[in-house]
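As a plain string of letters, each chain reads:
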Amino acid sequence: MSLENLFCIQGNPYLGNHSDNALKQLPLFSWLKPTKNKLTAKKETGNHAEHLAYEYLKAQGLKLVMRNFSISAGEVDLIMLDMNNNDEILVFIEVRYRKNSDFGGAATSVTHKKQERIIKAALAYQQKHAPQSSMRFDVVAIEGDNISNNSEINWIKSAFDGF
């Protein structure tokens, strides 16, 4: 088998053009299956957790600004506005879900490296959309066997500092 056939991807004009069936028959790509707009179970669970966190925070008085803001250096799950004593605070929220706390739980899974990525994305958002705003970094940790309205939700305000 030639290298051209071994590394071809359908539609790539530089490497050849093969059908999906031909692609699946190649040894290195036998695991490759087309995915057209299918959410993985993990992504679907994450979306559900973010929606649950949004509903919880909305009930606490926060207003949604944006969901899933991302740049190449990082992303923020939820950006919300907290009207605390007539002072508008832009809140950047990381949502974490864990079935159990065997490995420290949802809140402890927000590592220092993840915090850095959130901060980079938040600063990019702030510079472009709200340069004079105050900011805060919160974590919403959700735990329970099945993610539902009965899951334990822990909202940690000012979970980490951005500077």
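Heads up: the structure comes first, above all this text.
Since the model is a prediction, treat every value here as computed from it, not as a measurement. (Residues numbered from 1 in each chain as written. Predicted model: local features only at pLDDT ≥ 70, side-chain atom pairs only at ≥ 80, totals over all residues. Heavy atoms only, no water.)

(A) Just helix 3 (residues 41–59), in detail. In this model, helix 3 (19 residues) spans 27 Å end to end at C-alpha, consistent with the 27 Å of a helix rising 1.5 Å per residue. Ala 49, Glu 50, Leu 52, Ala 53, Tyr 54 and Leu 57 are the residues of helix 3 that are buried. Buried residues in helix 3 make contact with strand 1 (63–71), strand 2 (74–84), strand 3 (87–98), strand 4 (134–143) and strand 5 (152–156). Once helix 3 ends, the next one or two residues include Gly 61, with phi positive near 105 degrees. (Helix = DSSP H or I, 4+ residues; strand = E, 2+ residues; numbered from the N terminus. Expected span 1.5 Å × (residues − 1). Buried < 20%, exposed > 50% of the residue type's maximum accessible area, 1.4 Å probe, protein only. Contact = heavy atoms within 4.5 Å.)

(B) Quick peek at the side chain of Lys 114. Its place among the elements puts Lys 114 in helix 4 (residues 112–129). When residues no more than four places from it in sequence are discounted, the contact partners of Lys 114 are Glu 75, Glu 94 and Arg 96.

(C) Structural view of the environment of Lys 114. Lys 114 gets classed as buried once you look at its relative accessible area, which sits at 13%. Taking the C-alpha atoms as reference points, Lys 114 and Glu 94, 20 residues apart in sequence, are found 9.4 Å from one another.

(D) Up close: helix 4. In this model, helix 4 (18 residues) spans 25 Å end to end at C-alpha, consistent with the 26 Å of a helix rising 1.5 Å per residue. Lys 114, Gln 115, Ile 118, Ile 119, Ala 121, Ala 122, Tyr 125 and Gln 126 are the residues of helix 4 that are buried. Of the surrounding secondary structure, the elements contacted by the buried residues of helix 4 are strand 1, strand 2, strand 3 and strand 4.

Everything listed is a geometric property; what it means functionally is a separate question.
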